[in-house]
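Structural overview
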Amino acid sequence: MIMLCIIFLFSSLVFAGEVVPGRIVLHTKPKNIADLRAALNGNSLGSASETIRLVKWLGTQFSKSELREIELKTFSAERDGRVFATMNIPAIAKNNSANLSSTRSVVQTIGTFPGYAAEHDIVVNAHYTPNDVYFGSSGAWGQSFDDLWGLTNMDVDTAWDTTFGKGITVAVIDTGVDYTHPELEYRVIKGWDYVNDDGDPMDDHGHGTHVAGTIAAAADNGAGIVGVAPQSTILAIKVLSVLGSGSMADVAAAIRFAADSNAKVINMSLGASVLLSSSPSYMLSAIEYADSSGSLIIASAGNDGADVMTKSPANDPRVVTVSAFTHTDTIASFSNFGGKITVAAPG
């Protein structure tokens, strides 16, 4: 029951997808990444290296100073011995007039070189309306029903007779979490901040803290709200910026991080407009990894009023996909729909 309860907020997202300018995901051997990094720093490669042709081509596209600015970062190792790595090209990202076409051109060309595959990184976005209300109150906005009607609708107090979620770690892959918030204090594990590349996933947007509070806000403290699993632990992982947007490659890395951190539940209240058939291999691989590790992966269906099969990661068959219904138990007008919906929840 607790597992179903904690997903009721996850329908409160708006999805949008586009290519991240100047950021590419490579799929290749670890040695090729090492060779490419060395060559970008001006070092010579052996004649047998698979990277020589790629480096020569890059040299025709960018100046030496622009090549030195390129950043490579490996974020996962695959069972086939290859790795996924992001390739950030500032020279493209800064050229606003041509960055998208240039990014697509580089992806297509790199994929033609032996030993290399290349894919776009994709923008993921989150959007929500705060609902900071009280479990026992009603009519805060003049409505005739409970303020936190979602909790009462799910009979969460009955679930609490069985468990408060103690011992369960829920990874919140989002804008980070305010781990100093009195409703969450001492029950947040600092994971990783993929936006700033450090170990401090503090929330500078609000969405992640809102989600974390809905899941795990403290009970019996005489203040604020109460989460559906008030004794669970939150693993905070930041992939979305202060603007509420981020990179799908970072989301994939975060999924693996959460699985390696033994998160029982992985929550992704974010996504992009990508068909399952077009989903990047790095995202599919990350979901497979977490699923095989025993994590329950949950994603919002989205708020476009469209078929959820157009939304990633919600359209992945290994993901629990959550749509929204209203206080009258009817589907929310904004909610995405379709056969992939696993469960509907208050939204």
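Residues numbered from 1 in each chain as written. Predicted model: local features only at pLDDT ≥ 70, side-chain atom pairs only at ≥ 80, totals over all residues. Heavy atoms only, no water.

1. Quick notes on the overall build of the chain
For the record, the criterion: What counts as a helix is a DSSP run of H or I of at least four residues, what counts as a strand is a run of E of at least two, and both are numbered from the N terminus. Partly exposed describes any residue whose relative accessible area lies between the buried limit of under 20% and the exposed limit of over 50%, with all areas from a 1.4 Å probe on protein chains only and scaled to the type maximum. The contact criterion used is simple: two residues touch if any of their non-hydrogen atoms lie within 4.5 Å. In these tables, accessible area is a Shrake-Rupley quantity obtained with a 1.4 Å probe, and a residue counts as shielded only by the protein chains included in the view.
Of the regular secondary structure elements, the chain holds 11 helices and 12 strands. With 347 residues in all, the chain has 52% of them scored as buried. In the chain, the share of contacts with a sequence separation of at least 24, taken over all contacts with a separation of at least 6, comes to 72%. Just so you have it, the chain exposes about 14700 Å², and 52% of that area is on carbon and sulfur atoms.

2. Focus: the sheet that holds strand β8 (residues 245-247)
Quick note on the threshold: The rule for pairing is simple: two strands pair if DSSP sees at least two bridges between them. In this description, a line fitted to the C-alpha atoms serves as the axis of each element, helices being fitted only across the stretch in contact, and the angle between N-to-C directions of two axes falls anywhere from 0 to 180 degrees.
Ordered by their spatial adjacency, 5 strands build an open sheet running β2-β3-β1-β4-β8, and the pairing between neighbours is antiparallel. Each edge of the sheet is formed by a strand with only one pairing partner; in this case those strands are β2 (71-77) and β8. For this sheet, the mean angle separating the axes of adjacent strands, direction not counted, is 30 degrees. Running at roughly 170 degrees to β2, helix α2 (residues 30-40) makes contact with β1 (19-28), β2 and β3 (83-88) of the sheet.

3. Here's the deal with the pairing of strand β7 (residues 233-238)
β7 sits mainly inside the fold: 5 of its 6 residues count as buried. One ladder, built from 6 bridges, connects strand β5 (residues 169-174) with β7; its direction is parallel. By the bridge assignment for β7, V172 is matched with A236.

4. As for the packing of helix α10 (residues 248-260) against helix α11 (residues 281-292)
This is how the line gets drawn: When describing relative orientation, an angle under 35 degrees is termed roughly parallel and one over 145 degrees roughly antiparallel, while 65 to 115 degrees is termed roughly perpendicular and anything else oblique. What makes a crossing left-handed is the near helix being turned counterclockwise from the far one by less than a right angle; a clockwise turn instead makes it right-handed. Throughout this entry, Asp, Glu, Lys and Arg are counted as charged residues, while Ala, Val, Leu, Ile, Met, Phe, Trp, Tyr, Cys and Pro are counted as nonpolar. The remaining residues, Gly among them, count as polar.
Here α10 crosses α11 at 15 degrees, and the two axes come no closer than 9 Å. When the axes of α10 and α11 are compared, the pair comes out roughly parallel. As α10 packs across α11, the resulting crossing turns out to be left-handed. Within the contact between the two elements, α10 uses M248, A249, V251, A252, I255, R256, A259 and D260 and α11 uses Y282, M283, S285, A286, I287, Y289 and A290. Residue composition of the contact of α10 with α11, grouped by class: 12 nonpolar, 1 polar and 2 charged.

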